[in-house]
Amino acid sequence: MGPLRYSVNVTLDGCCDHRAIPADEELHRHAVETLSRADALLFGRVTYELMESAWRPPAGASPDELEPFARTIDAAQKYVVSSTLERVDWNAELVRGDLGKAVQQLKRESGKGLLVGGVTLPLALTELGLIDEYEFVVHPRLAGHGPTLFAGLSRHVDLTLVGRLELSSGAVAMRYEPRT
């Protein structure tokens, strides 16, 4: 059974709006490494549509330094949790029904694991106790606005630091596992 990992970029004040976070070549290289640790991506509708509009060819010519990320995310298998979308493509399948059962089945079928992004879906998966690793890439910026992570979480989740990487931009990628 593969693990379910969550990775997200966030500012020091908790904003996870992609428009508030500077992205450079090193950050995209790190994202490619993170993507390579998974067999497939798991998105909610909003994140899927955002990523598709930004990265599906020919979504605009990617600068050379972003090309590896663009190729990697384009080629990745994707699962999209949505009750409103009628269909998806871009190497994607819809996930419907009981979220917990569906994700447990995907985890059983996975070797390297699944990678989830976004805000709303990871909250639901955390509530279900299904996330095996959290990665927060914390950027040295105060945004003063935007969506925050885990708003409304019904219980505390204690985590243990299992990895840390400092980027030249001053961002720090920290990986955590839930304490058992």
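See the structure above.
Residues numbered from 1 in each chain as written. Predicted model: local features only at pLDDT ≥ 70, side-chain atom pairs only at ≥ 80, totals over all residues. Heavy atoms only, no water.

Colleague: Account for the overall build of the chain, with residues named and values stated.
Modeller: Secondary structure summary: the chain contains five helices and eight strands in total. Compactness check: the chain gives a C-alpha radius of gyration of 16 Å against a globular reference of 16 Å for 180 residues, within 12% of the reference. Its C-alpha atoms put the chain at 40 × 40 × 30 Å along the principal axes. The buried share of the chain, taken over its 180 residues, is 43%. Here the contacts in the chain between residues at least 6 apart in sequence split such that 71% fall between residues at least 24 apart. A total accessible area of about 9600 Å² is found for the chain, and carbon and sulfur atoms account for 51% of it. (Helix = DSSP H or I, 4+ residues; strand = E, 2+ residues; numbered from the N terminus. Rg over C-alpha atoms; globule rule 2.2 N^0.38 Å. Buried < 20%, exposed > 50% of the residue type's maximum accessible area, 1.4 Å probe, protein only. Contact = heavy atoms within 4.5 Å. Areas by Shrake-Rupley, 256 points an atom, 1.4 Å probe, with all protein chains shown as cover.)

Colleague: With reference to specific residues and values, describe helix α4 (residues 99-109).
Modeller: All buried positions along α4 are accounted for by Leu99, Gly100, Ala102, Val103, Leu106 and Lys107. For α4, the buried positions fall inside an angular range of 165 degrees around the axis, keeping them on one side. Turned more than 90 degrees away from the buried face of α4, the exposed residues are Lys101 and Glu109. (Arc of directions from axis to C-beta.)

Colleague: An account of the pattern of salt bridges is needed here, citing residue identities and associated values.
Modeller: Under the criterion given, the structure shown has 10 salt bridges. For Arg29, the salt bridge is made with Glu25, and the minimal N-O distance between the two is 3.5 Å. Placement of both Arg29 and Glu25 in helix α1 (residues 25-36) is noted, with a separation of four residues, approximately one turn of the helix. Given the relative accessible area of 45%, Arg29 is considered partly exposed. Taking the relative accessible area as the measure of exposure, Glu25 reaches 40% and is therefore partly exposed. One salt bridge in this structure joins Glu133 and Arg37, with 3.2 Å as the shortest N-O distance. Taken together, the residues span a long stretch of sequence, with Glu133 in strand β6 (residues 133-139) and Arg37 in the loop between α1 and β2 (40-44) at a distance of 96 residues. (Salt bridge = Lys/Arg side-chain N within 4 Å of Asp/Glu carboxyl O.)

Colleague: Summarise the nonpolar core; cite the residues concerned and give the values.
Modeller: By size, the foremost hydrophobic cluster in this structure holds 28 residues, and its most contacted members are Leu4, Tyr6, Leu42, Leu125, Phe136 and Leu149. Counting only elements with at least two residues in this core, the list comes to β1 (4-11), β2, α4, β5 (114-116), α5 (120-127), β6 and β8 (172-178). Residues Phe43, Ala70, Ala92 and Leu115 belong to the second largest nonpolar core, which totals 18 residues. (Core = buried A, V, L, I, M, F, W, Y, C linked by side-chain atoms within 4.5 Å.)

Colleague: A description of the packing of aromatic side chains should follow, citing residues and the corresponding values.
Modeller: Per the counting criterion, the structure on display carries nine aromatic pairs. Ring centres 4.7 Å apart and planes at 80 degrees place the aromatic pair Trp55 and Phe69 in the edge-to-face group. Taken together, the residues Trp55 in helix α2 (residues 45-55) and Phe69 in helix α3 (residues 67-75) connect sequence positions 14 residues apart. The two residues Trp55 and Phe69 agree in class, both being buried. Across the ring face of Trp90, the terminal group of Lys78 is positioned such that the distance to the ring centre comes to 4.0 Å. (Phe/Tyr/Trp six-rings, centres within 6.5 Å; stacked < 30°, edge-to-face > 60°. Lys NZ or Arg CZ within 6 Å of the ring centre and 35° of its normal.)

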